[in-house]
Amino acid sequence: MTGRRIVVLARHGESEWSKNNIFCGWYDSLLSDRGTNEALECAELLKQSNYEFDRAYTSLLTRAHQTLNIITEHIGQSSLPVEESWRLNERHYGALTGYNKAELATKYGEKQVQIWRRSFDVLPPPMEATHKYYRAIWRNPKIVAQSYTSNEKFPSTESLKETMERVIPYWDNTIVPNIQRGQRILIVAHGTVLRSLIKYLDNVSDNDICSINIPSGIPFVYEFDDDMKVISSRTFLGDKKRIEEGIARAASIGSH
């Protein structure tokens, strides 16, 4: 098959923890009411643009699945094959998980919190077994199930760098072969996962990736040639003002 190959990516809608300005990471928070509306907005943008897909990829986390389910139902593809993997989970925020970002900014300074959130290779403190949400994360049935089928060690904390080390091999080895077969792919994932892919596909520097933010609920498109070279990148669908507002919101200290 020759011609352009299109991949659509979307960040899940706002979660309940994000609404409350809390570091979420691998905790399995549900979508907020706003997040549900954002997922519907995403679905409507795809429907208006007549997108259809052959396969979808997402994480193990419920907020991503809720978003994907809303999208596929709205565009009339509720039976779309879906592959899920822990490698598409949000970045693990370690010991920061469950803490309010504004309160941490007061305690450690906004600069330090932004370094934890947006720097390329600075790790937050790891999550220890005594952490309040340790059991909630590691007893998630989907995470338990994948722990039995994977020889890889799951993280206790991650920066963008560590997140890329699991996301990019999954992209190269699992997703790309299906794109090359001509399948139309939808990826519904998390902010740091999508930033990992953007950094890799657009060859963004370690410094510049810190200033790239992904709005929730707004799909964006990559086009590739037959050799998987990027023809066009990060083409957001929808109203320009809404896109700009979403990016600004994602960049703020109160967003996740």
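Given the structure is predicted, the values throughout are model-derived calculations rather than measurements.

1. Points about the UniProt feature "binding site: substrate" (unreviewed entry) in the protein chain
Okay, so step 1: On the UniProt side, "binding site: substrate" (unreviewed entry) is annotated at positions that read Arg63, Glu90, Arg91, His92, Tyr93, Lys101, Arg117 and Arg118 here.
Okay, so step 2: Following the sequence through the fold, Glu90 ends up in the loop between strand S3 (82-84) and helix H4 (101-108).
Okay, so step 3: Assessed through its relative accessible area of 1%, Glu90 is described here as buried.
Okay, so step 4: Note that Arg117 resides in helix H5 (residues 110-118).
Okay, so step 5: Residue classification places Arg117 among the buried positions, given a relative accessible area of 1%.

2. With respect to the state of the cysteines
Simply put, the disulfide is a covalent bond whose two ends are the sulfur atoms of two cysteines.
Okay, so step 1: Using the criterion set out here, one finds zero disulfides in the structure.
Okay, so step 2: The thiol sulfur of Cys24 is not disulfide-bonded, and the nearest other cysteine sulfur, from Cys42, lies at 19 Å.

3. Re the UniProt feature "active site" (unreviewed entry) in the protein chain
Okay, so step 1: According to UniProt, the positions carrying the feature "active site" (unreviewed entry) are His12 and Glu90. These annotated residues cover 79 residues of sequence, and their C-alpha atoms all fall within 10.5 Å of one another, placing them together at a single site.
Okay, so step 2: Along the chain, the position of His12 falls in the loop between strand S1 (5-11) and helix H1 (16-19).
Okay, so step 3: The exposure class of His12 is buried, given its relative accessible area of 3%.
Okay, so step 4: A polar contact is formed between the side chain of His12 and the side chain of Arg63, at a distance of 3.4 Å.

Definitions and cut-offs
Residues numbered from 1 in each chain as written. Predicted model: local features only at pLDDT ≥ 70, side-chain atom pairs only at ≥ 80, totals over all residues. Heavy atoms only, no water. UniProt positions renumbered as here; feature names shortened; annotations may be inferred. Helix = DSSP H or I, 4+ residues; strand = E, 2+ residues; numbered from the N terminus. Buried < 20%, exposed > 50% of the residue type's maximum accessible area, 1.4 Å probe, protein only. Disulfide = S-S within 2.5 Å. Polar contact = N/O pair within 3.5 Å; in protein donor to acceptor, adjacent residues only side chain to side chain.

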